[in-house]
Each structure stands twice: as C-alpha cells, then as structure tokens.
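Structural features, examined
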Amino acid sequence: MGYSDQRFNVNLSILFTELPLLERPAAAAKAGFGAVELWWPWVDAPTPEQSELDALKKAIEDAGVQLVGLNFYAGQLPGPDRGALSIPGEESEKFRANLAVAADFAKSLGCTALNALYGNRVDGVDPAVQDELALENLARAAREADRVGAILLIEALNKPESPLCPIVSAPKAIEIVDKVNALTGLGNAKFLMDLYHLSMNGEDLPSVIERYAAQTGHVQIADNPGRGAPGTGSLPLEALLDQLKKVGYEGWVGLEYKAGDRPSAETFDWLPAEARAAR
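Structural notes, computed from the coordinates. Throughout, residues of each chain are indexed from 1 in the direction in which the sequence is written. A pLDDT threshold of at least 70 governs which residues receive local features in this predicted model, and a stricter bar of 80 or more applies before side-chain atom pairs are shown or counted, although totals over entire chains, interfaces and linings include all residues. Water and hydrogen atoms were dropped before computing side-chain values, which therefore reflect all heavy atoms in the structure.

**Brief notes about the layout of surface pockets**
- Of the pockets and cavities examined, the largest pocket occupies roughly 370 Å³.
- In this analysis the probe radius is 1.4 Å and the grid spacing 1 Å, with only protein atoms considered; a cavity is a set of points the probe fits into but cannot get out of, a pocket is an open set with protein on both sides within 12 Å along at least five of seven lines, and lining residues have an atom within 4 Å of a point. Along its surface, the largest pocket is lined by 21 residues, and W39, L77, P78, R82 and R227 are the ones closest to its centre.
- Note that Gly is not counted as nonpolar here; it falls among the polar residues with everything else outside the nonpolar set of Ala, Val, Leu, Ile, Met, Phe, Trp, Tyr, Cys and Pro and the charged set of Asp, Glu, Lys and Arg. Here the lining of the largest pocket is composed, by residue class, of seven nonpolar, eight polar and six charged. Grid points are joined across faces, edges and corners, and a volume is the space filled by probe spheres set on the points.

**Looking at empty space enclosed by the protein**
- Applying the stated rule across the entire model yields two cavities of 30 Å³ or more.
- The calculated volume of the largest cavity comes to roughly 60 Å³.
- Per the convention used, a helix needs a DSSP run of H or I reaching at least four residues, while a strand needs a run of E reaching at least two, with both numbered from the N terminus. Contributions of two or more residues to the lining of the largest cavity are made by β2 (35-38), β3 (66-71), β4 (113-115) and β7 (216-221).
- Of all the elements, β3 adds the most residues to the lining of the largest cavity, at three residues.
- Along the lines of polarity and charge, the residues of the lining of the largest cavity split into six nonpolar, six polar and two charged.

**Points about the packing of helix α2 (residues 50-63) against helix α3 (residues 90-108)**
- Axis definition: a line fit to C-alpha positions, over the contact stretch in the case of helices; interaxial angles, taken between N-to-C directions, run 0 to 180 degrees. At a minimum axis distance of 11 Å, the contact between α2 and α3 shows a crossing angle of 25 degrees. Classified by the angle their axes make, α2 and α3 are roughly parallel. The crossing of α2 and α3 is right-handed. Mapping the contact onto sequence places L53, L56, K57 and E61 in α2 and V101, F105 and S108 in α3.
- Here the residues of the contact of α2 with α3 are counted per class, giving four nonpolar, one polar and two charged. In what follows, roughly perpendicular refers to angles from 65 to 115 degrees, roughly parallel to angles under 35, roughly antiparallel to angles over 145, and oblique to any angle outside these ranges. Less than a right angle of anticlockwise turn of the near helix away from the far helix marks a crossing as left-handed, whereas a clockwise turn marks it as right-handed. Only heavy atoms enter the contact rule, under which two residues are in contact if any of them lie within 4.5 Å.

**So, the side chain of S86**
- On the secondary structure map, S86 appears in the loop between β3 and α3.
- Exposure classes here rest on a 1.4 Å probe applied to the protein chains alone. A residue is buried below 20% of its type maximum, exposed above 50%, and partly exposed in between. Assessed through its relative accessible area of 1%, S86 is described here as buried.
- Any pair of N or O atoms that falls within 3.5 Å is considered a polar contact. Within protein, one atom must be able to donate a hydrogen and the other to accept it, and sequence-neighbouring residues count only if both atoms are side-chain atoms. Here Y118 takes part through its backbone oxygen, which lies 2.8 Å from a polar atom of the side chain of S86.
- When neighbours within four sequence positions are excluded, S86 is seen to be in contact with Y118, G119, N120, Q130, L133 and A134.

**With respect to the packing of aromatic side chains**
- Here a Phe, Tyr or Trp ring, Trp counted by its six-membered ring, pairs with any other such ring whose centre lies within 6.5 Å, and the pair is stacked when the planes are under 30 degrees apart, edge-to-face when over 60, and tilted otherwise. For the structure on display, the rule yields 10 aromatic pairs.
- Their ring planes at 85 degrees and their centres at 5.6 Å tell us that F8 and W270 sit as a pair that is edge-to-face. One end of the pair, F8, is in strand β1 (residues 7-11); the other, W270, is in the segment after β8 (252-255), and 262 residues separate them in sequence.
- By relative accessible area, F8 is classed as buried at 0%.
- What makes W270 buried here is its relative accessible area of 14%.

**Regarding the pairing of β8**
- Because side chains alternate across β8, one face comprises the buried residues W252 and G254, and the other comprises V253 and L255, equally buried.
- In this sheet, β8 lies alongside β1 in parallel orientation, the contact comprising four bridges. Bridge assignment links N9 to a residue of β8, and that residue is G254.
- For two strands to pair, DSSP has to find at least two bridges joining them. Alignment of β7 against β8, held across three bridges, turns out to be parallel. If you follow I221 over to β8, its bridge partner there is L255.

**Overview of the nonpolar core**
- Core analysis: the largest hydrophobic core is formed by 90 residues, its most contacted members being F8, F191, M193, I221, L255, F268 and W270.
- Contacts of F8, omitting those with residues within four sequence positions, involve Y3, F33, A35, I221, L241, W252, V253, L255, W270, L271, A275 and R276. Throughout, nonpolar core names a set of buried Ala, Val, Leu, Ile, Met, Phe, Trp, Tyr and Cys residues whose side chains join them through atoms within 4.5 Å.

**Side note on the pattern of salt bridges**
- Any carboxyl oxygen of Asp or Glu that lies within 4 Å of a side-chain nitrogen of Lys or Arg is treated as forming a salt bridge with it. Evaluated as defined, the whole model comprises 13 salt bridges.
- Across the pair R147 and D104 runs a salt bridge, and its minimum N-O distance is 2.8 Å. Of the two residues, R147 is situated in helix α4 (residues 127-147) and D104 in helix α3; the sequence distance between them amounts to 43 residues.
- We note a salt bridge from K172 to E175, for which the minimum N-O separation is 3.2 Å.

**A closer look at the sheet that holds β8**
- Read around the barrel, eight strands follow the order β1-β2-β3-β4-β5-β6-β7-β8 and close on themselves; strand pairing throughout is parallel. Going from strand to strand, the sheet's axes swing by 30 degrees on average, the running direction of each strand aside.
- Where β1 and β2 come together, two bridges link them in parallel fashion. The residue bridging V10 from the neighbouring strand is V36, located in β2.
- This element, helix α8 (residues 237-246), spans β1, β6 (189-194), β7 and β8 of the sheet and lies at about 170 degrees to β7.

Next comes the structure, spelled out in structure tokens:
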C-alpha cells in the first residue's frame, strides 16, 4: 500500500498558479503527472468565448495530460465566493448558463466528474428558499453531467474558512447527494471527499471513510494545518488513503494544496516519480 497505490492528479487552479493558465498543463506533465483537474478557470465568465475554451483544450491535449475533474461556475475562487447555485438572481443564472458549456468542455476532453459548489448564505434571503433553489440547480447539473456521461460531485467545505457555507460536514454533503439522486433518479450525484476540509471541521476521518467511501466519487487532499503538501502538517494522509483503498475506493486523488513560497514543481518530493503518471 502507500502513495504508490493511488491515482493522483494535480489541481491546476491551486498548484502551478505562478504560471499562466495555458502553461500549467505542460508544467504538470513535466513534473511527471498524467492527470489534472480545474476549478472553473474564468471566474467572471460562465460562458467564455469559444476561442478561450479551445485554447485551454489544446493546452491540455498538447501536454498529454488527462482532465479528470472540472468545477461548474462557482464565482470568485479563490476568494469570497463558495459557489453560485444557491444564490438567487444573477449568480444562479450564471450557474445555469454555464451548465452546458462546462459539460460540453468536459466531454470534449473525456472528463467524467463535474463539481458543483453550493454557495454561501445570503443576508435577507430565507435559507429554505436558497436550499430549494440549490436542489433545483443541482438536479439540472446532474442531468447535464449525465448527458455527457459524467458524475456530479457535491463537496463539503470547512466552517472555519467558509463560515457562510451551509455544506460544512460530510453528513450534510451526503444528505444533499441523496436528495439530488432521489429527485433525478439518475444516481450520478456523488460525494467529493476533501480530507483537508473535513479535518478542519474536526471530523473523524477514518469514520467518514468507512461510512461514505461507497458514495464517494472523488477525493482531494492537503495537509493540515496549513493546507500544504503531505508531510507539512500532521494529517496521516498515507494511512487515510490506504484505508480508502482497502474499503474499495478506486478513483482519483486530487492534489489541492498550496505550494507556499516554493515553486509548485518543488512540492512533490513526498510522492515517488513513478506514482505520478495517470493509470
């Protein structure tokens, strides 16, 4: 067991950000990785020009890496936003406008996992109204994902860093997953298990893995404290990933950590080179 038994990909929205977007896929490939994931890259444009989509697609293809995860439009990430789909008005409309664009882009690169971030509570809006809107939009997202042969990911964030987001525990995320699947009948909504966020919430990570691995569609990691590379904090990430493997998780593990003051390419010394290639 150990890191060599995992399928790792690099999140190009948090790593290699010292480079322009179109140079990041090649940088990940040069570091030995065969797979990448992305937040929605155009924070102000849910429907960017086709030329921008084509340029990113070409950069990914030319680098020879596989896109394995993509966020739907989620507002300003990194920044104050935590998603858009539960926010009435313009943000919800942007999310809906993005659905087909993101799904088609994912399909064009063989990406089969699309992440929909819930969003923050809004002053003056009844939480029940937000939750009703969110469920409607998540059902739309699940149907779009299904259209292109993808799963819909629903992620739990952490309360200390996202105090206005209501999805800040594994059980709450699973509750939403179950509601979406019940509404659509598609069964393609899955849990995005981010071990950093869950640890920030003080959750019992071995228990979360035992209870929810079967409903998990994607895993992300960073160490805690600090959200740095494995080994920079105190989380037993290797043991936790071993446990995931033992209980049947065969999916990707996204590296969603901060490089700190080092170039991103220098932060992978914890991971043997032979464990970086897509497989």
